[in-house]
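# Coordinate analysis (summary)
The lines below spell out each chain.
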Amino acid sequence: MAASTSQKSEGYFPELHSQRFVLRQIVQDDIGNIFKGLSHPKVIAYYGISYDSLIATQEQIEWYQHLEAEQTGRWWAICPCGMPDQLIGACGLYEWDKDNHNADLGYWLHPDYWRQGVMQECLRTMLVHAFSAGQLHRVEAEVESANKASSELLLKLGFQLEGCRREVAWKNQRYVDMNYYGLLDHDFQKK
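Structural notes, computed from the coordinates. All figures in this text were calculated on a predicted structure; none of them were measured in a lab.

## A word on helix H3 (residues 54-70)
For H3, with 17 residues, the first-to-last C-alpha span of 25 Å sits near the 24 Å given by 1.5 Å per residue. All of the buried residues along H3 are Thr57, Gln60, Ile61, Tyr64 and Leu67. The arc enclosing the buried residues of H3, seen along the axis, measures out at 115 degrees, which places them on a common side. Facing away from the buried side of H3 by over 90 degrees, the exposed positions are Ile55, Glu59 and Ala69. Residues of H3 that are buried in the fold lie against helix H1 (31-38), strand S5 (74-80), strand S6 (89-97) and strand S7 (102-109). Two residues or fewer past H3, Gln71 is found with a positive phi of approximately 55 degrees.

Next comes the structure, spelled out in structure tokens:
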């Protein structure tokens, strides 16, 4: 798996490549596919954000742009090789703490691509880049306790469960528990 970088008109953004996918900068034209994902009931069941219109989804596009402009994170569009305009999901880092060399991990994928190893392949590619080029020491992720698939994914990538914060989030008129996972650069196998 190789990572490469590209220069786009929006400025420098590292384009990454795995065996089956291209991870590229999210652009305005992706709004329709982002809405398709972040309005899908299966995606938003455990995701902290959802949208009910294309207009509302613009907030997400602006958030991705803000992270890049402020250098507090970066999100990639996940696209099949040979179809670089077909966003099927996204993954990235946010709340990047440059002083302490850590960041939070986030990701989502359209259900048509679940259980095919897509996110594991893409997150591994992104993490290789983040730990080598991004000068990170630690990446952490929070997952609703009921989201078994996401918890299994993180464990496969080498994350360790560090604890559970009980009833820490208010979602769908109830409190939910959140599991916290961490991955250190020296524990991550950069295959």
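## Focus: the sheet that holds S7
Ordered by their spatial adjacency, eight strands build an open sheet running S3-S4-S5-S6-S7-S8-S10-S9, and the pairing between neighbours is mixed. Pairing within the sheet leaves two strands with one partner each, and these edge strands are strand S3 (16-17) and strand S9 (160-171). Taken together, the seven bridges between strand S8 (residues 138-144) and strand S10 (residues 174-184) define a ladder with antiparallel strand orientation. Paired with Glu140 across the two strands is Gly182, which belongs to S10.

## Topic: the layout of surface pockets
Size it by volume and the largest pocket reaches roughly 1,100 Å³. As for the largest pocket, its lining consists of 40 residues, and the residues nearest its centre are Tyr47, Tyr107, Trp108, Asn147 and Ser150. Going through the elements one at a time, helix H2 (41-44), S6, S7, helix H4 (118-132), S8, helix H5 (148-156), S9 and S10 are the ones with two or more residues in the lining of the largest pocket. A total of six residues in the lining of the largest pocket trace back to one element, the largest contributor, which is S7.

## As for the pattern of salt bridges
The tally for this structure, following the rule as stated, stands at five salt bridges. Between Asp30 and Arg24 there is a salt bridge, with the nearest N and O atoms lying 2.7 Å from each other. Taken individually, Asp30 and Arg24 each receive the classification buried, so the pair is uniform in this respect. Linking Arg138 and Glu162 is a salt bridge whose minimum nitrogen-to-oxygen distance equals 2.6 Å. Of the two residues, Arg138 is situated in strand S8 and Glu162 in strand S9; the sequence distance between them amounts to 24 residues. Overlapping salt bridges, with partners in common, bring together Arg138, Glu140 and Glu162 in one network.

Thresholds, definitions, all that
Residues numbered from 1 in each chain as written. Predicted model: local features only at pLDDT ≥ 70, side-chain atom pairs only at ≥ 80, totals over all residues. Heavy atoms only, no water. Helix = DSSP H or I, 4+ residues; strand = E, 2+ residues; numbered from the N terminus. Expected span 1.5 Å × (residues − 1). Buried < 20%, exposed > 50% of the residue type's maximum accessible area, 1.4 Å probe, protein only. Arc of directions from axis to C-beta. Contact = heavy atoms within 4.5 Å. Pairing = 2+ DSSP bridges. 1 Å grid on protein atoms, 1.4 Å probe; cavity = no way out; pocket = protein on both sides within 12 Å on 5 of 7 lines; lining within 4 Å. Points joined across faces, edges and corners; volume = space filled by probe spheres on them. Salt bridge = Lys/Arg side-chain N within 4 Å of Asp/Glu carboxyl O.

All we've got here are geometric facts, nothing functional implied.
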